[in-house]
Amino acid sequence: MVSNIHAGADALTIHNQDQVATVLRDLSEGDTAWIRHGETMISIKLLENVAFGHKIAITNISEGSVVRKYGEIIGRATKEIEAGMHVHVHNVEGIRGRGDKTAQEEQR
Amino acid sequence: MKTIPAYMRPNGDIGIRNHLLIIPTVICSNQVCNRIMQSVPDTVAIPHQHGCSQIGADKDRTFDVLAGTGKNPNVGGVIIISLGCEVVDPKRLADEIRKTGKPVEWFDIQSVGGSVKAIGHGIEIAKRMKAELDKLTKTDVPLSKLKIGVKCGGSDATSGLASNPALGEAADRLVAEGGGIVIGETTEIIGAEHVLAERCASETTKEKLFHIVDRFEKEVDRMGADMRGGNPSPGNIAGGLTTIEEKSLGCISKCGTAPIEGVIEYAERIPEHGLYFMDSPGNDIECVSGMAAGGAHIVCFTTGLGTPTGAAVVPVIKITGNPSTFRHMEDNMDVDVSDILSGSFSLSEAGARIWQEIMEVAGGKLTKAEILGHQEFSINRIGPSL
């Protein structure tokens, strides 16, 4: 569950198991983002531009593995993701509500 | 005992508004209802697309939403206008709403003799009923009788981080005061239902919660499409939300932390006290209309991207955690909780700000949506048109 947010962070995670952080201001490639992660602050160098409200990886995530935010599974990586990369629809897919996958399976 | 000023209805319900509602039983009556609303100030019509060529549970759902909207305690009196040959029975609808003890009148356009005569006849009735409603005065009633719907729409990443958890603080406070909270949007707990299930007060409720999510997901399977793009919507995705799971996990905090006492059907009457889940679509207007038909007095609505929506018979309080949305769409936004994100504002302070707004709106302060005349209304369908 979300708790109070400390001032001065560029991004934050919500749970200590999270592999992604939500950025609180527009960040650019090469910026060092200070991320509130639990009780500590960690820094990550951005490999891409990431807009306010979007997510960055705070750790490497291998293709096919689940991605966590709020300490819960929000999807699965469709590509290798490096720490500092933008995490969004281009490299993460949903697992639930996938009628398209059901339809593909039925065609086989 | 904490109290709020409200209208006491004959059946013991309390209303924080005193609307004269004009209900078309069918799309064919919409224009007549709209003309009457335009002619008699402070009346509300609820034009809709349904009421005919419907069968079974789909027909019942349309009836239940119309009846529930009429029974909503913010409504003081009701005029029902039928075409005369449709599926929704106006007499049965009038009888159902009359169970609340409030005045209900109905007529059909075919019997009266066409639109012009129907509009004239309706204006006469509306003027007379409005004069009677205006005589009612508010009295102090227990705060514990208040029921609030919690909803999010036009979400972005700030919804899950700021506005939803802040609304959750206010929801917890109402439950602690003995009031009722209803959360809906079955689609938007997909991927988060296991978290809510842990909070269900009974095994039956837990099973029902899993059942309604499963039922919905099977519908998505039947459509053969990925939910993404429909929900999360293109705007949600632009705002940083990647999957339905992520959106859902951000959504659920808006109902606070109380136990879930039960799962109720779309438009079913919301029980008096505690937190309930209404099986309903994520679609903003359909969901809010279902909550209003269930008897909610107010809907608290969080948004990241911003939306103007209101509702026909309930005030909709718009809350945002996105600072640029509050500035950019201030004429649609009621409460700004974006200071949470800069760290200068705690969640409990944000919850207190929302609570203050709820108390003021319950006391009669108009929401931005009410000031601008937003009276959106929409009925969820579960069957084909015949």
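Reading the values: rules and limits
Residues numbered from 1 in each chain as written. Chains lettered and ligands numbered in written order. Predicted model: local features only at pLDDT ≥ 70, side-chain atom pairs only at ≥ 80, totals over all residues. Heavy atoms only, no water. UniProt positions renumbered as here; feature names shortened; annotations may be inferred. Helix = DSSP H or I, 4+ residues; strand = E, 2+ residues; numbered from the N terminus. Buried < 20%, exposed > 50% of the residue type's maximum accessible area, 1.4 Å probe, protein only. Contact = heavy atoms within 4.5 Å. Expected span 1.5 Å × (residues − 1). Buried area = accessible area lost by both parts, 1.4 Å probe. Salt bridge = Lys/Arg side-chain N within 4 Å of Asp/Glu carboxyl O. Polar contact = N/O pair within 3.5 Å; in protein donor to acceptor, adjacent residues only side chain to side chain. Nonpolar A, V, L, I, M, F, W, Y, C, P; charged D, E, K, R; others polar. Domains from an automatic or database assignment.

As named in an unreviewed UniProt entry, chain B is UxaA family hydrolase, taken from Paenibacillus mangrovi. You can read under Sequence similarities (unreviewed entry) in the UniProt record for chain B the words "Belongs to the UxaA family."

Naming follows an unreviewed UniProt entry, where chain A appears as UxaA family hydrolase of Paenibacillus mangrovi.

Asks: Hey, could you run me through the overall build of chain A in this one?
Replies: Per the secondary structure count, chain A includes 1 helix and 9 strands. If you line up chain A on its principal axes, its C-alpha atoms span 50 × 30 × 20 Å. The buried share of chain A, reckoned over its 108 residues, is 47%. Taking all contacts inside chain A whose residues are at least 6 apart in sequence as the whole, residues at least 24 apart take part in 44%.

Asks: Help me understand helix α5 (residues 115-133) of chain B in this model?
Replies: Residues three or four positions apart in an α-helix share a direction because the helix packs 3.6 residues into each turn. For α5 of chain B, which comprises 19 residues, the first-to-last C-alpha distance of 26 Å matches the rise-based estimate of 27 Å (1.5 Å per residue) to within 8%. Every buried residue belonging to α5 of chain B is among Ala 118, Ile 119, Gly 122, Ile 123, Ile 125, Ala 126, Met 129, Lys 130 and Leu 133 of chain B, and all of these are buried.

Asks: Quick question: what am I supposed to make of the interface of chain B and chain A here?
Replies: Bring the parts together and some accessible area is lost; that lost area is often taken as the interface size. In this complex, chain B contributes 40 residues to the contact, which on the side of chain A involves 34 residues. Between chain B and chain A, the buried area comes to about 2900 Å², and carbon and sulfur atoms account for 58% of it. Across the salt bridge formed by Asp 226 of chain B and Arg 98 of chain A, the nearest N and O atoms sit 3.4 Å from each other. Inspection of the chain B/chain A interface yields 21 residue pairs in polar contact (both at pLDDT 80 or more). Looking at the side of chain B that touches chain A residue by residue, the class counts come to 18 nonpolar, 15 polar and 7 charged.

Asks: Sorry, what's going on with the side chain of Asp 10 of chain A here?
Replies: Residues and elements named next belong to chain A. Assignment of secondary structure puts Asp 10 in the segment before β1 (11-12). Here the side chain of Asp 10 touches Trp 34 through a polar contact of 2.7 Å, landing on its backbone nitrogen. For Asp 10, the contacting residues outside a window of four places in its chain are Thr 22, Val 23, Leu 24, Arg 25, Leu 27, Thr 32, Ala 33 and Trp 34.

Asks: Any chance you could explain the domain arrangement of chain B here in plain terms?
Replies: Residues and elements named next belong to chain B. We note that the domain assignment places domain 1 (19-133) and domain 2 (145-371) within chain B. The straight-line distance from the C-alpha centre of domain 1 to that of domain 2 is 29 Å. Contacts between the two partners involve 13 residues from domain 1 and, on the opposite side, 11 residues from domain 2. Note on domain 1 versus domain 2: buried area summed over both sides is about 980 Å², and carbon and sulfur give 60% of it. Scanning the region where domain 1 abuts domain 2 turns up 0 salt bridges. Across the contact surface, domain 1 and domain 2 share 4 residue pairs in polar contact (both at pLDDT 80 or more). Breaking the side of domain 1 that touches domain 2 down by element, the ones donating at least two residues are β3 (19-24) and α2 (56-71). Ranked by the residues each element gives to the side of domain 1 that touches domain 2, the list is headed by α2, at 5 residues. Within the side of domain 1 that touches domain 2, the residues separate by chemical class into 6 nonpolar, 5 polar and 2 charged.

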